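The primary structure of each chain is shown beneath.
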4 protein chains.
Amino acid sequence: MLGVMAVTLEELYRGFEKEQLVPLWTEIGDLMPVSPRSAAVPHLWRWEQLRELAAQAGELVPVGRGGERRAIALANPGLGGRPFATPTLWAAIQYLMPGEDAPEHRHTQHAFRFVVEGEGVWTVVNGDPVAMRRGDFLPQAGWNWHAHHNATAEPMAWLDGLDIPFQYLTETQFFEPGRDQFSDAERITPDRSRAERLWGHPGLRPVAASGAQQQPGLPGSPLLAYRWEHTDRALADQLAIEAEGYGGTVEPGHAAVRFSNPATGGDVLPTMRAEMHRIARGAQTAPVRETGSSVYLVFDGSGSVTVGDRTWAVTRGDLFVVPSWQAFSAGSDPGESDALDLFRFSDAPVFEALRLNRTQVENPR
Amino acid sequence: MLGVMAVTLEELYRGFEKEQLVPLWTEIGDLMPVSPRSAAVPHLWRWEQLRELAAQAGELVPVGRGGERRAIALANPGLGGRPFATPTLWAAIQYLMPGEDAPEHRHTQHAFRFVVEGEGVWTVVNGDPVAMRRGDFLPQAGWNWHAHHNATAEPMAWLDGLDIPFQYLTETQFFEPGRDQFSDAERITPDRSRAERLWGHPGLRPVAASGAQQQPGLPGSPLLAYRWEHTDRALADQLAIEAEGYGGTVEPGHAAVRFSNPATGGDVLPTMRAEMHRIARGAQTAPVRETGSSVYLVFDGSGSVTVGDRTWAVTRGDLFVVPSWQAFSAGSDPGESDALDLFRFSDAPVFEALRLNRTQVENPR
Amino acid sequence: MLGVMAVTLEELYRGFEKEQLVPLWTEIGDLMPVSPRSAAVPHLWRWEQLRELAAQAGELVPVGRGGERRAIALANPGLGGRPFATPTLWAAIQYLMPGEDAPEHRHTQHAFRFVVEGEGVWTVVNGDPVAMRRGDFLPQAGWNWHAHHNATAEPMAWLDGLDIPFQYLTETQFFEPGRDQFSDAERITPDRSRAERLWGHPGLRPVAASGAQQQPGLPGSPLLAYRWEHTDRALADQLAIEAEGYGGTVEPGHAAVRFSNPATGGDVLPTMRAEMHRIARGAQTAPVRETGSSVYLVFDGSGSVTVGDRTWAVTRGDLFVVPSWQAFSAGSDPGESDALDLFRFSDAPVFEALRLNRTQVENPR
Amino acid sequence: MLGVMAVTLEELYRGFEKEQLVPLWTEIGDLMPVSPRSAAVPHLWRWEQLRELAAQAGELVPVGRGGERRAIALANPGLGGRPFATPTLWAAIQYLMPGEDAPEHRHTQHAFRFVVEGEGVWTVVNGDPVAMRRGDFLPQAGWNWHAHHNATAEPMAWLDGLDIPFQYLTETQFFEPGRDQFSDAERITPDRSRAERLWGHPGLRPVAASGAQQQPGLPGSPLLAYRWEHTDRALADQLAIEAEGYGGTVEPGHAAVRFSNPATGGDVLPTMRAEMHRIARGAQTAPVRETGSSVYLVFDGSGSVTVGDRTWAVTRGDLFVVPSWQAFSAGSDPGESDALDLFRFSDAPVFEALRLNRTQVENPR
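Owing to the predicted nature of the structure, the values given are computational and were not obtained by experimental measurement.

S.K.: Any chance you could break down the overall build of chain A for me, citing the residues and the numbers?
M.R.: Looking only at helices and strands, chain A has eight helices and 23 strands in total. The globule rule puts the C-alpha radius of gyration for 365 residues at 21 Å, and the 23 Å found for chain A is close to it. Considering chain A as a whole, with its 365 residues, one finds that 65% of them fall into the buried category. A separation threshold of at least 6 residues defines the contact pool for chain A, and within that pool the share at least 24 residues apart is 74%. Per element, the accessible surface of chain A, about 12,500 Å² overall, is 50% carbon and sulfur.

What follows is the structure, encoded as C-alpha cells:
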C-alpha cells in the first residue's frame, strides 16, 4: 500500500501491457453490453451456388483419410473468415460421389445430417447402416464411430451440422480414425436401421440394455434416423388440430416439432437443438429474439425471412443464420406453395443447461 | 433413571399395551426379515370366469354416479379379502354395456386401461376422445378428467390397472366428480386422438406448450394411447434383430418393450410401470426376483408360468400376480402358438424413485 | 357375450367371492374418498410413561443378537395394534444400559436417531464412531452397517425413526447381521466423527470420492451427525432476521430448518424428512393439512398442539402423530418458556418423488 | 448434377471465398485435433507486479458509473491481447481505495470474489451486506444486484473471477445499472450476512422459501460467503483423517474442498467451479490433464508448479493458468512452509453439463 510511486496514466497502461494485463474500464462496453451484440451477422447462402461449388469439388477433390470428408462450410462474414456459421455452430454441405466412401472416424463433436435432396447414401454408425433420404434427420452424438458410403450412381449432398466452433473455442475436442474396411453386412442398406427398429416406435422403449446401438455411457439419442414421413405427418397434424379449434401450434399457422431423444425426452444432442417448422400458406410468425444462434435451411416452399435488419426472399435449399438476440420472423408466400418448411438447428441446449437462455417475443410489425 | 420400580416381565408387557406401545424384539422377525416375505400370494384368475361374472354384472348392476364404474377387482387371497391384487396394485376387469356411459371424474390415483378384446369404446380425457381397441394401452395419469362411453352394440371389457392400494395405504387420495353431459364433439371417436396426433410421432415432440392435452403441471405421459400395431411391430423387430445376431432382446427369445412417457423417456405413470413381453415359441425365461410386485395378463398365445412354488398353464386372458421377491419365469408352448405375449404392470417406479429396488436373476432350472 | 345365464344379484356376489374378486362399486367410498381419510388417529404419548417403561425394560430384557435392539415402538390406536406410529412411519424409544452393546447389523430400512436426553452413547457406522448428545440428529441411510455402545455409567434413551411400516407394506426389506466384535479404534468416541470432519463444513464438500464414509452407490446423507449447537443457532438466526424485518421464517414467530443431504441439497433420507421447528414465545402457527403423516417430538419448552379435532398441552419429551390430511397447528406458551421446539419427521419425500404431495394452509382460527 | 463446368482447383477455392465458404479438408487438423490443442498458453503473473499496478491505478483511475469497477484482468499471451485468462475465464485483481464505492449493477455473467489480503470491504447483494476478509470466497451468481464499498482507511485488493469470455464468445450477456444510493442499513457491515445466517449451517436448510436472499428463479448458491475459517478447518481435517489411516484426501498429502451450492450440492455457480487445495509440506501431486481450463491463485505457502512444459517456483499471491488438456502438477516446498494452499477456479461445470468432460491422471514423473 505504501510507496506507490508517482506514475503517469500512460506509464500505467504501458505497465499493464508489459505484464499481460488489460483493464476492465476500457473494455466493459464491448465485454458487458446491455444485451448481446453479436459479432456474427445475418447472412444468406443460396443453395444454387452451394450445390454448384460442391459438385465442382466432387470432381476436383478426393475424399479420404486425412481430409476425411468433402464438406464445405458456411463462414459467417462477421467471424473473420473462419468456417463458423455462428460463434458456436458449424454448417456445411457434404457431397459424396457415386461409389465413394467417407472414412470411418469418431470425434467428441456432436453432429447430425439433414438430407436436402437425393437418396442412396447410408451412414454406418457403430456397425449399423442407416439409409438417408430427402427430409431425413440423422443425429450423430459425439464419440460414436461413423462412416458414409454412396451406393448409387448419382452424387448426393446433405447438410452437416456440428458444434465444431463451440468445441474449438472451449478446447474440448478429441478425434480418432477408425477402420478402413467394412464387413459385407455393413455394406447392405436396409430400409430401417437397427436403431430405428429398436427405438423408433412411438412411446415404446426396449427393456434390454443391449438394445442400444450407442456405446454405453455416451450421451445423445439412440434413435439414429428421424424419417421425413413422420416429421411431415406431425406437422400436418398440428395444423389440422389448430383448424379444429384445439391449439397445438406455436402460433396461428405455425407448426413445429423438435427432434428429441426418446430415452430422455430432451434434446437430440447435448449441444444442439434441431427442429422442423412449417409456416402455412400466407401465415407470418411473430419476431422472436433468443440468446444463442441458429442456422436455418429452407427445406421446401418459398417465402420471406427477416433477421435483424435484413430481409430475404427464400426458396428451397437456401441457408441463413440468425445471430444471438437478433429478431427473427418468417412468412410463407400467400400464393405459391402450400407452406414454407424450415429446418432449424441451434445451440439452445448449451444455454438451457447453464441457465443462460432468454427469449423475447416481439409484437408483430 | 432413579426409582425404577421392580416389575415383572408380564407387568412390563401389560404396561406396553396400556400405553399403546409394542416392543421391537418380539416383532423383528416379521418386520425386518432377511429378505421380503410377501403377504400377497401367487394366484391365477381365469379369463373365462372373470368374463362370465363381468357379463352377469352387466345385466344386474347399473353403472352411474356413485358406483362410478362397473369394475371387478382381483383380491389376492393373502391380503384379507381386500380388493388388492398385490399390496400396492389394483387390477380389475371393467365392463361396459352397449350405449352405456361411465361418468366423468378425476382422482389422484394413477390408472391405465389395457384392452383384452373388442373395440368401440372411447375414453374422453380432458375433452379428447380416445378410441380403444384390442391390445391398446391407455395411460391415465392422476387428476386428469376422464369418462368412458360404449358407442357400439356389443358389451366391451378391458383391464383397469390403478395404484389404489398404494394410495389407500399411504392415505394420499383425492377424488372429484365431473360433468354429467358431453359435447357433441366429444361423442365422435376419431381414429387417432389429439394426444396421439401431437405426441405419437417417434422421437418428435411438439414445440408448442399448448400441445399438451394434459393439464399443466400434472405428471404422467401426454400420449394417451399406445396402439397394438406399434407394440406388436416393436416386439417383432427385437426378435428379428436377435435372429440377425445383434442382440436387442432381454434374453434369447424374450423381447420386451416398456411403455414410456415421450416427454421424459421415463415410466408412463409415476407409480406404475407397464410393459409388453413376447416369449418366442419354445423359449423359456430365466427366473428373476424383484422387490415390488407385478400383475400379468396373458394377451395372446399359451404357455406355462412359474411364480415362487406355483406353476400354471396359461392361455389368453388369464391374469396372475407375482408378489415381491418371488421368482418368476415363463415359457412359451413349443408347438401351439407363435409366441406367448404377456402384458405386465408393476410398482417398480415407486421403488426406483426411492432407491429401494433390487433384482436378482437366478440360474435357469 | 352370448349365453349369460340369468343369475340373481346374490348369486353374482357369491361368484365374486368364490373367484377371489371384489366389485369396485361397493368399496369406492372407502377406497377413493374425496380427500384422505386416515386410518391412523391423532394420538399423544407422554415422555414420562415412555421413559419409565423403557427403564423397566432395561432391567428385564437383555439386548443382543436376535432381538437386536431394546426399542419400544409407538402403536397408533387406529392401526390394529401393529407397531406403526402412522401407516408409513416407525417411532420408538431405544434404551441402552451402561456398558451395553446393541449388535451390528444393516437393513434396507432407512433410520435416524434423535437424542432426547443424555450423552455418552456412540453409534458406529461402517467403522466410524459417532458421538450422541442431546439434540443431535443422526441419519442412518439403508444398508449401512451400524451398532451402538453405551460407554457411560448411566442408561441412555433416544428416539429411533424408521420407515419400517412403509417397507413392510410394500415388501422391500432386506436385513443382514454384522460383526460381533469391534476394533479398539471403533471403541474410542472422538468429539467429531470422520463423517463430520469430511462433510460438516458449511457449503464445502470433499473433492475426494474416498471421502465418503458411506458405501459407494448407497443413497442418503454422508453427514452422520447434525449437532444441536448448529440447529439451535440456525433457528435463533431465523428469528433474529425476522425481527430485523427481513423474513426468513415460515410465518411470524415460526422458524424451521430441514436436515438435508449436503451432497444433494435434498432430504437427508430417501423416504423420510426431518426438521426442527421453533415457535417463539406466544406465537401460534396456522393450521396446515398435508398428504402423508408426521411424528412430532417436543424437544423443549411447552405449549399446546392441535391435530384434527384433538388438542393437547405438551411438554418436553412428549410424542404425537399427525395423520394424513389432518390439520396441525401449534402454539408456544406465552409465559413459561422461551420457545416451543418441535422435532418433526415425516414421509414427505415419498410423496414428493411420486408427485402425490399436496399442502393446504388454512386460515388461523 | 449435370453440367458441372470444368474448373481448376484455384477457381474452386476462389469460388468458396466469394461465397463465404471454407472447406473442411484444409482446416480439419486445426479444427478437429486428436486431443485439445489450446490456443491459451501456460502463463504466470506475479502478485508483486499486479499489486503495484493496481495501486497505481488506485491513484490515477476513478471508479464509478461507466467503468464500473477498477479491475485489471489477466490477458493470456496466446489469446491475442484480449483480457481473457483462458478462452472461457476472466481473472482480475480488483482494487478499492478507502471510502470508495463501486456502483451497483447486475449482469448475466457469473462472478465471485476471493480475498487475497486485507479486510473491511463489503459487498451488498440484493440489499444484504457481506463482509470480506482474507481467504473468504464470495460467489455472485448472474443477475443478482451487487455493489462494493470500502469502509476502511486502507485500500483493499481481491481476485475477481467471471465467465466473461465464455459469455462474450457465446453472446449471451445482459447488463443493467442499479441504484446510486444505498440505505443506511446496507452501509452497516455485520459479521455475518443474512445469507450466511440462513444458509451457512452445515447440512441445514431453511424451510421458508422467503429465506433465500437470491431473487427467485435465479441459479447459483444462496450462500454468499464461504469463510476462510471453515475452509481451513476442512482441509486440516482431511489431512488429519489421512494421517489416521482413513483416506479422505485426493491423493497422499493433497487435501481439497469444493465450494458447493447448499441447495443442490452442485457447483457454486452454473459455469464455474471453485476449489481450495492444500498440498502438505513435501508432497507432490500426480500430473492431471482435464478438458477445460483453470486459473490458480497461490493463497499461501510456497512451492513449485508445472503446467505443460513450464515449471515455476511460486509464492503467495501468484496467479497462473492451466490451459485445456495440459498436464498440471504441484509440489509444496519441503522445508519452508507448512503447506502450499492453492485456490482454483475452472469452467468444469460447463463441460460436465454438456458431457464433454474428460480427465486423465498421468504417472508421476
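S.K.: Give a description of the relation of the copies chain C and chain B that names residues and reports values.
M.R.: Mapping chain C onto chain B calls for a screw motion: a turn of 180 degrees about the axis and a shift of 0.0 Å along it, with 0.0 Å RMSD after fitting. Look at the turn and shift together and you get a two-fold axis relating the two. Considering only C-alpha atoms, the residue of chain C closest to the rotation axis is Ala 353 of chain C, which sits at 3.2 Å. Interface residue correspondence from chain C to chain B reaches 100%, placing this contact among same-surface, isologous pairings.

S.K.: Tell me about the interface of chain D and chain A, and name the residues and values.
M.R.: If you look at the interface, chain D gives 98 residues, while chain A gives 98 residues. In total, about 8,000 Å² of surface goes out of reach between chain D and chain A, with carbon and sulfur atoms giving 70% of it. Applying the counting criterion to the chain D and chain A interface returns zero salt bridges. In this structure, the connection of chain D to chain A is made through 22 residue pairs in polar contact (both at pLDDT 80 or more). Per-element accounting of the side of chain D that touches chain A gives the leading share, 10 residues, to helix 3 (residues 47-60) of chain D. Per-class residue counts for the side of chain D that touches chain A are 57 nonpolar, 26 polar and 15 charged.

S.K.: Lay out the interface of chain C and chain B in plain terms, naming residues and giving numbers.
M.R.: It is common to report an interface's size as the accessible area lost on association of the parts. Counting from both sides, the interface comprises 98 residues of chain C and, opposite them, 98 residues of chain B. Roughly 8,000 Å² is buried in total at the junction of chain C and chain B, and carbon and sulfur atoms are behind 70% of that figure. Taken together, the connections running from chain C to chain B amount to zero salt bridges. If one sorts the elements of the side of chain C that touches chain B by residue count, helix 3 (residues 47-60) of chain C sits on top with 10 residues. For the side of chain C that touches chain B, the per-class residue count stands at 57 nonpolar, 26 polar and 15 charged. Pairing between strand 1 (residues 21-23) of chain B and strand 3 (residues 71-74) of chain C: three bridges, direction antiparallel. Note on strand 3 of chain C: the bridge partner recorded for Leu 21 of chain B is Leu 74 of chain C.

S.K.: So what about the arrangement of the chains? Which residues, and what values?
M.R.: When C-alpha atoms are compared, chain A and chain C, though not in contact, are closest at a spacing of 17 Å. There is a clear gap between chain B and chain D: no contact, and 17 Å between their nearest C-alpha atoms.

S.K.: Describe in detail the side chain of Asn 144 of chain D, supporting the description with residues and values.
M.R.: Residues and elements named next belong to chain D. As for its placement among the helices and strands, Asn 144 is situated in the loop between strand 9 (137-140) and strand 10 (146-150). At 2.8 Å, the side chain of Asn 144 and the side chain of Asn 126 are in polar contact. Polar contacts involving the side chain of Asn 144 include one to the main-chain carbonyl oxygen of Ala 141, which spans 3.0 Å.

S.K.: An account of the relation of the copies chain D and chain A is needed here, citing residue identities and associated values.
M.R.: The operation relating the pair of chain copies consists of a rotation about an axis and a translation along that axis. For the pair chain D and chain A, the superposition axis carries a translation of 0.0 Å, the fit reaches an RMSD of 0.0 Å, and the rotation angle comes to 180 degrees. Both copies contact each other with a shared surface, as 100% of the interface residues of chain D are interface residues in chain A too.

S.K.: Lay out the packing of helix 1 (residues 9-18) of chain B against helix 3 of chain C in plain terms, naming residues and giving numbers.
M.R.: Interaxial distance between helix 1 of chain B and helix 3 of chain C falls to 10 Å at its minimum, and their mutual angle equals 150 degrees. On the basis of the axis angle, helix 1 of chain B is roughly antiparallel to helix 3 of chain C. Considering the relative orientation of helix 1 of chain B and helix 3 of chain C, their crossing is left-handed. Here Leu 9, Leu 12, Gly 15 and Phe 16 of chain B of helix 1 of chain B lie close against helix 3 of chain C, whose contacting residues are Leu 53, Gln 56, Ala 57 and Leu 60 of chain C. When the residues that make up the contact of helix 1 of chain B with helix 3 of chain C are grouped by side-chain class, the tally is six nonpolar, two polar and no charged.

S.K.: Can you break down the packing of aromatic side chains residue by residue, with the values?
M.R.: This model, assessed by the stated rule, comprises 82 aromatic pairs over all chains. Look at Phe 259 of chain C and Phe 343 of chain C: their rings are 6.3 Å apart centre to centre, the planes differ by 50 degrees, and that puts the pair in the tilted class. One end of the pair, Phe 259 of chain C, is in strand 14 (residues 254-259); the other, Phe 343 of chain C, is in strand 22 (residues 339-346), and 84 residues separate them in sequence. Both residues of the pair, Phe 259 of chain C and Phe 343 of chain C, count as buried. Here the aromatic cluster, defined as three or more aromatic residues joined through ring pairs, consists of Phe 112, Phe 114, Phe 137, Tyr 226, Trp 228, Phe 259, Phe 299, Phe 343 and Phe 345 of chain A. Geometry around Trp 143 of chain C places Arg 358 of chain B over its ring, the cationic atom sitting 4.3 Å from the centre. In this structure, Arg 358 of chain B is placed above the aromatic ring of Phe 174 of chain C, and the distance from its NZ or CZ to the ring centre is 3.9 Å.

S.K.: Go over the pattern of salt bridges, please, and point to the residues and values.
M.R.: Across all of its chains, the model carries 113 salt bridges over all chains by this definition. Residues Glu 186 of chain A and Arg 179 of chain A are paired through a salt bridge, measuring 2.7 Å at the closest nitrogen-oxygen approach. On the basis of relative accessibility, which here comes to 37%, the residue Arg 179 of chain A falls in the partly exposed class. With its nearest N and O atoms 2.8 Å apart, the salt bridge here joins Arg 192 of chain B to Asp 237 of chain A. Of this pair, Arg 192 of chain B sits in the loop between helix 5 (184-187) and helix 6 (194-199) while Asp 237 of chain A sits in helix 7 (residues 228-243), each in a different chain.

S.K.: Explain the side chain of His 146 of chain C residue by residue, including any values.
M.R.: As for its placement among the helices and strands, His 146 of chain C is situated in strand 10 (residues 146-150). Those residues in contact with His 146 of chain C that lie beyond four places of it in its chain are Arg 69, Pro 103, Glu 104, His 105, Arg 106, His 107, Arg 113, Thr 123, Val 124, Val 125 and Gln 140 of chain C.

S.K.: Now, about the pairing of strand 4 (residues 90-96) of chain B: what can you tell me, with residues and values included?
M.R.: Burial analysis of strand 4 of chain B places seven of its seven residues in the buried class, the great majority of the element. Both faces of strand 4 of chain B are covered, namely the face carrying Trp 90, Ala 92, Gln 94 and Leu 96 of chain B and the face carrying Ala 91, Ile 93 and Tyr 95 of chain B.

S.K.: Could you give an account of helix 1 (residues 9-18) of chain C, with specific residues and numbers?
M.R.: Along helix 1 of chain C, the residues classified as buried are Leu 12, Gly 15 and Phe 16 of chain C. Looking straight down helix 1 of chain C, one finds that the buried residues subtend no more than 100 degrees of arc, so they occupy a single side. Exposed positions of helix 1 of chain C whose direction lies more than 90 degrees from the buried face are Glu 10, Glu 17 and Lys 18 of chain C. Buried positions along helix 1 of chain C lie against helix 3 (47-60) and strand 3 (71-74) of chain B together with strand 1 (21-23) of chain C. One or two steps after helix 1 of chain C, the chain reaches Gln 20 of chain C, where phi turns positive at roughly 60 degrees.

S.K.: For the sheet that holds strand 14 (residues 254-259) of chain A, give the residues involved together with the corresponding values.
M.R.: Within a beta sheet, neighbouring strands are joined by backbone hydrogen bonds and run either parallel or antiparallel to one another. Judged by pairing direction, the sheet is antiparallel, and its seven strands sit side by side in the order 2(A)-20(A)-17(A)-22(A)-15(A)-14(A)-13(B) without closing on themselves. Every interior strand has two partners, whereas the edge strands, strand 2 (43-45) of chain A together with strand 13 (204-206) of chain B, have only one. Mean inter-strand twist for the sheet, computed between neighbouring axes without regard to direction, equals 25 degrees. Here six bridges tie strand 17 (residues 294-300) of chain A to strand 22 (residues 339-346) of chain A, and the two strands are oriented antiparallel to one another. Paired with Val 298 of chain A across the bridge in strand 22 of chain A is Leu 342 of chain A.

S.K.: Give a description of the environment of Trp 143 of chain C that names residues and reports values.
M.R.: With respect to the element layout, Trp 143 of chain C can be found in the loop between strand 9 (137-140) and strand 10. Exposure remark for Trp 143 of chain C: the relative accessible area of 16% places this residue in the buried category. When the C-alpha positions of Trp 143 of chain C and His 107 of chain C are compared, they lie 4.8 Å apart, and in sequence the two are 36 residues distant. With near-sequence residues (within four places) excluded, Trp 143 of chain C lies in contact with Arg 358 of chain B together with Arg 106, His 107, Thr 108, Phe 174, Phe 175, Glu 176 and Leu 218 of chain C.

Analysis parameters
Residues numbered from 1 in each chain as written. Chains lettered and ligands numbered in written order. Predicted model: local features only at pLDDT ≥ 70, side-chain atom pairs only at ≥ 80, totals over all residues. Heavy atoms only, no water. Helix = DSSP H or I, 4+ residues; strand = E, 2+ residues; numbered from the N terminus. Rg over C-alpha atoms; globule rule 2.2 N^0.38 Å. Buried < 20%, exposed > 50% of the residue type's maximum accessible area, 1.4 Å probe, protein only. Contact = heavy atoms within 4.5 Å. Areas by Shrake-Rupley, 256 points an atom, 1.4 Å probe, with all protein chains shown as cover. Least-squares fit on C-alpha atoms with pLDDT ≥ 70 in both. Buried area = accessible area lost by both parts, 1.4 Å probe. Salt bridge = Lys/Arg side-chain N within 4 Å of Asp/Glu carboxyl O. Polar contact = N/O pair within 3.5 Å; in protein donor to acceptor, adjacent residues only side chain to side chain. Nonpolar A, V, L, I, M, F, W, Y, C, P; charged D, E, K, R; others polar. Pairing = 2+ DSSP bridges. Axes fitted to C-alpha atoms, helices over the stretch in contact; angles between N-to-C directions. Parallel < 35°, antiparallel > 145°, perpendicular 65-115°, else oblique. Left-handed = near helix turned anticlockwise from the far one by under 90°. Phe/Tyr/Trp six-rings, centres within 6.5 Å; stacked < 30°, edge-to-face > 60°. Lys NZ or Arg CZ within 6 Å of the ring centre and 35° of its normal. Arc of directions from axis to C-beta.

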